[in-house]
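The lines below spell out each chain.
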Amino acid sequence: MAELKTRATDASVEDYIASRAKREQIGDCMALMALLTRVTGQQPKMWGPSIVGYGSYGYSCGSGGTGEMCRTGFALRGRELVVYLLAEGDEQQALLARLGKHRMGKSCLYFKRLAEIDIKVLEQLIVGSLAQLESRYA
């Protein structure tokens, strides 16, 4: 089985942001870090080369494999910021509808600027995602 590339490292979160963030993204990264630290009660840690993650959980796959991943986090992807979260169920979908300008992948919430979304709704989405993870992988 291939070794997982996305795992916690000792790399510097500050160095990652300094090397990847455009000038206008730095403030958004700092605000996301403050929000995620407050909501999770965890300090940021690099996961792989490009995810600023918070906390961790273990999971197992249907194929029998297991792994560990951050509970939530964010990354810089060019002009977009990505927040990693689960948004399943009616309540999370209703929050997404109120969030503002974004797009959603399976567990990736993409947006360009925090100013384009409702930060209070984002916080609710993160809290809901953490609850979903806890019930699924407790």
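Placed above this text is the structure.
The numbers attached to residues start from 1 for each chain and follow its sequence in the written order. Under the rules for a predicted model, residues below a pLDDT of 70 receive no local features and side-chain atom pairs below 80 are neither given nor counted, while totals for whole chains, interfaces and linings still include all residues. Excluded from the side-chain calculation are hydrogens and water; included are all heavy atoms of the structure.

Visitor: Would you mind showing me how to read the sheet that holds strand E1 (residues 45–47) here?
Guide: Across a sheet, strands are paired by hydrogen bonds formed along the backbone, either parallel or antiparallel in direction. Two strands make a pair as long as DSSP finds a minimum of two bridges between them. Strands are runs of DSSP state E lasting at least 2 residues, helices are runs of H or I lasting at least 4, and numbering of each runs from the N terminus. Strand order in this open sheet of six strands is E1-E2-E5-E6-E8-E7, and the pairing throughout is antiparallel. Every other strand in the sheet has two partners, leaving E1 and strand E7 (103–104) as the edge strands with one partner each. Pairing of E7 with strand E8 (residues 108–111), which is carried by two bridges, proceeds in the antiparallel orientation. Paired with Met104 across the strands is Leu109, a residue of E8.

Visitor: Mind showing me how you'd approach the pattern of salt bridges here?
Guide: Here the idea is simple: oppositely charged side chains can pair when their charged atoms come close. We define a salt bridge as a side-chain nitrogen of Lys or Arg found within 4 Å of a carboxyl oxygen belonging to Asp or Glu. For the coordinates displayed, the defined rule picks out five salt bridges. Between Arg38 and Glu123 there is a salt bridge whose closest N-O contact spans 2.9 Å. Of this pair, Arg38 sits in helix H2 (residues 23–40) while Glu123 sits in helix H4 (residues 119–137); the two residues are 85 residues apart in sequence, bridging distant segments of the chain. For the salt bridge of Arg136 with Glu88, the shortest nitrogen-to-oxygen distance reads 2.3 Å. Here Arg136 is found in helix H4, whereas its partner Glu88 is found in the loop between strand E6 (80–84) and helix H3 (90–99), with 48 residues between them in sequence. Exposure categories follow from relative accessible area, calculated using a 1.4 Å probe and restricted to protein chains: below 20% of the type maximum is buried, above 50% is exposed, and the middle band is partly exposed. Taking relative accessible area as the criterion, Arg136 reaches 42% and is therefore assigned partly exposed.

Visitor: Looking at this model, I keep getting lost on a positive patch on the surface. Mind explaining?
Guide: Here a patch means residues that are over 30% exposed by relative accessible area and free of salt bridges, tied together within 9 Å if like-charged and within 5 Å if nonpolar (Val, Leu, Ile, Met, Phe, Trp, Tyr). Surface accessibility follows the Shrake-Rupley procedure with a 1.4 Å probe radius. Residue values consider only the protein chains on display as shielding. We count Lys and Arg on the positive side and Asp and Glu on the negative side, and we leave His and both chain ends out. The location of each charge is read from NZ of Lys, CZ of Arg, CG of Asp or CD of Glu. A contiguous patch of positive charge, built from Lys22, Arg79, Lys101 and Lys112, is present on the exposed surface. As for its position among the elements, Lys22 is in the loop between helix H1 (13–20) and H2. Look at Lys22 and you get partly exposed, because its relative accessible area is 34%.

Visitor: When you look at the pairing of strand E3 (residues 57–60) in this model, what are you seeing that I'm missing?
Guide: When a strand is regular, its side chains alternate between the sheet's two faces. Relative to strand E4 (residues 66–69), E3 runs antiparallel, the two being bridged by four bridges. Opposite Tyr57, over in E4, you have Met69 as the bridge partner. In this antiparallel pair of consecutive strands, E3 and E4, the connection spans five residues, and Gly64 shows a positive phi of 100 degrees.

Visitor: Help me understand the state of the cysteines, please; the structure alone is not making it clear to me.
Guide: Each disulfide consists of a covalent bond between the sulfur atoms of two cysteine residues. Cysteine sulfur atoms that pair up within 2.5 Å are treated as a disulfide. All chains considered together, the criterion is met by zero disulfides. Just so you know, Cys70 is unpaired, no disulfide at all, and the nearest cysteine sulfur is the one on Cys108, 10 Å from it. Note on Cys70: relative accessible area 5%, which makes it buried.

Visitor: Would you explain the nonpolar core in this entry?
Guide: A general trend in soluble globular proteins is that nonpolar side chains are found buried together. To form a nonpolar core, buried Ala, Val, Leu, Ile, Met, Phe, Trp, Tyr and Cys residues must be joined to one another through side-chain atoms within 4.5 Å. Membership of the largest hydrophobic core comes to 42 residues, with the highest contact counts inside it found for Phe74 and Leu122. Sorting elements by how many residues they give to this core places H4 first, with six residues. Dropping the residues within four chain positions of it, Phe74 is found in contact with Ile17, Cys29, Leu32, Met33, Leu36, Ser50, Ile51, Val52, Tyr54, Val82, Val83 and Tyr84. Any two residues whose heavy atoms approach within 4.5 Å are treated as being in contact.

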